[in-house]
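Each chain, written out:
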Amino acid sequence: MTQDELKKMVAKAALEYVEVGTIVGVGTGSTANHFIDYLAGIKHKIDGTVASSEASAERLRSHGIPVLDLNEVDDISVYVDGADEATRHRHLIKGGGGALTREKIVAAVARRFVCIADETKLVDVLGAFPLPLEVIPMARSYIAREMVKLGGRPQWREGFVTDNGNHILDVHNLQITDPVALESELNQYAGMVTVGIFARRPADVLLLGTREGVKTI
């Protein structure tokens, strides 16, 4: 099976977590796009969606699926999104697509966070995938210097601006043995908007697409 076929497999499996008559949070990226396409088949069963990026909102609307502003929503039953890396503790690195801030906000509101990924994303220790940081533009160089002090090798994602008007630093060379502690530490830097570690609020369910089928962690 190809990697794309594995992504489609877990995206379809995530439909089981969609509750009838509720608002569904929808993530960003290639695996989330497959989920959106499958969600279109049951759009009459849900009350609407909240999207974590403009790109996902556009894809949802193209299927005729209502997209709501999070400020108008009291409750999200489930948030479905992919990951760049995931551990068996359901700690994640996200932000490869640059939507980490809105992804983290929607995940915080959702009663259940279902992460969908193919088996290549499962790791023992986070950090082989460069850690994305969304930063206020004027703080970019300052935060980059601080990351060097931590042993990281930051790289500005030049030419990319987030939906919130901010910059992304991708930090290479980190071995994240305590994701919760590092997420908390990095959150304290002035000018830091969002850290791409999702550990303080991890996924509740990790669905992995494997050649033997979908595994649930």
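Below or above, wherever it landed, is the structure these notes cover. No experiment lies behind these values; they were computed from the predicted model shown.

## Examining the side chain of K121
In step 1: Turning to its location among the elements, K121 is positioned in the loop between β6 (113–118) and β7 (131–135).
In step 2: The buried category is assigned to K121, whose relative accessible area is 16%.
In step 3: For K121, the contacting residues outside a window of four places in its chain are Q3, K7, A83, D84, E85 and A86.

## A look at the sheet that holds strand β5 (residues 92–93)
In step 1: Across the sheet, which stays open at both edges, the three strands sit in the order β4-β5-β11 with antiparallel pairing between neighbours. Each edge of the open sheet is held by one strand with a lone partner, namely β4 (85–86) and β11 (197–198).
In step 2: Examined bridge by bridge, β5 and β11 share two bridges and lie antiparallel to one another. Counted as the bridge partner of I93 is I197 from β11.

## A few points about the packing of helix α1 (residues 3–13) against helix α2 (residues 30–39)
The description of two helices packed together rests on the angle between their axes and the distance between the axes.
In step 1: Put simply, α1 and α2 touch, their axes get as near as 8 Å, and they point 50° apart. The angle between α1 and α2 places the two elements in the oblique class. The element α1 and its partner α2 pack so that their crossing is right-handed. Residue-level contacts link D4, K7, K8, V10, A11 and K12 of α1 to S30, T31, H34, F35 and Y38 of α2.

## Looking at empty space enclosed by the protein
Where empty space is left becomes clear once a probe the size of a water molecule has been rolled over the atoms.
In step 1: Summed over the entire model, instances satisfying the criterion amount to one cavity of 30 Å³ or more.
In step 2: Here the largest cavity defines a volume of roughly 30 Å³.
In step 3: Contributing to the lining of the largest cavity are G98, A99, L100, T101, R102, E134, T162, D163 and N164.
In step 4: Here the lining of the largest cavity gets three residues from one element, more than from any other, and that element is helix α4 (residues 100–109).

## Some details on unusual backbone geometry
In step 1: The backbone phi angle of R90 is positive, close to 70°, even though this residue is not glycine.
In step 2: Within the secondary structure, R90 is located in the loop between β4 and β5.
In step 3: Note on R90: relative accessible area 26%, which makes it partly exposed.

The rules we used
Residues numbered from 1 in each chain as written. Predicted model: local features only at pLDDT ≥ 70, side-chain atom pairs only at ≥ 80, totals over all residues. Heavy atoms only, no water. Helix = DSSP H or I, 4+ residues; strand = E, 2+ residues; numbered from the N terminus. Buried < 20%, exposed > 50% of the residue type's maximum accessible area, 1.4 Å probe, protein only. Contact = heavy atoms within 4.5 Å. Pairing = 2+ DSSP bridges. Axes fitted to C-alpha atoms, helices over the stretch in contact; angles between N-to-C directions. Parallel < 35°, antiparallel > 145°, perpendicular 65-115°, else oblique. Left-handed = near helix turned anticlockwise from the far one by under 90°. 1 Å grid on protein atoms, 1.4 Å probe; cavity = no way out; pocket = protein on both sides within 12 Å on 5 of 7 lines; lining within 4 Å. Points joined across faces, edges and corners; volume = space filled by probe spheres on them.

Purely spatial values, then, with no claim about function.
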